[in-house]
Amino acid sequence: MRNDPAVYLDGRAVGCITCAYGPQAAGTTLVALRSIVHALRGWPTPLGVGINSASCRFSRGEEPSDAAIADQLKILATQVIQGAFAMRAGLAAARKPGRLISVA
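The following refers to the structure shown. (Residues numbered from 1 in each chain as written. Predicted model: local features only at pLDDT ≥ 70, side-chain atom pairs only at ≥ 80, totals over all residues. Heavy atoms only, no water.)

A few words on the environment of Gln-79. Its place among the elements puts Gln-79 in helix α2 (residues 67-94). Residues Gln-79 and Pro-44, spaced 35 residues apart in sequence, show a C-alpha to C-alpha distance of 9.5 Å. Once residues within four sequence positions are removed from consideration, Gln-79 is found in contact with Thr-45, Pro-46 and Leu-47. (Helix = DSSP H or I, 4+ residues; strand = E, 2+ residues; numbered from the N terminus. Contact = heavy atoms within 4.5 Å.)

Written as structure tokens, this is what we have:
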């Protein structure tokens with residue numbers, strides 16, 4: 001991926017979702033996943049969803065049995081879309097002629 005025109009996850013909003021059998025495992029895995037996204041130059045959304053598989057199941061229609069998880073997944077999806085549009089607008093503005101971009 002480093003030789004691709006758009007390297008790794010650079011400039012991409014990434015929604016992180018983990019499933020584990022227990023809340024502590026889901027949270028710990030979510031932290032690790034967010035770190036991986038950062039290492040690949042991606043932008044994790046402010047909300048990450050950790051799903052406790054011991055208490056939340058998904059129906060055949062793919063809806064979670066926990067209404068709070070369903071709400072969190074909808075918020076996460078909205079943040080990914082908003083982040084994608086914001087990054088696209090920011091990149092377009094940064095690429096305008098005469099605009100200086102400082103990189104630390």
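The subject of this paragraph is unusual backbone geometry. Backbone geometry at Tyr-8 places phi at a positive 45°, although glycine is not the residue there. Within the secondary structure, Tyr-8 is located in the segment before β1 (13-14). Of the residues examined, Tyr-8 reaches a relative accessible area of 23% and is grouped as partly exposed. The residue Arg-41 is not glycine, and still its phi comes out positive at about 70°. Note on placement: Arg-41 falls in the loop between α1 (23-39) and β3 (43-44). Looking at Arg-41, the relative accessible area reads 43%, which means it is partly exposed. (Buried < 20%, exposed > 50% of the residue type's maximum accessible area, 1.4 Å probe, protein only.)

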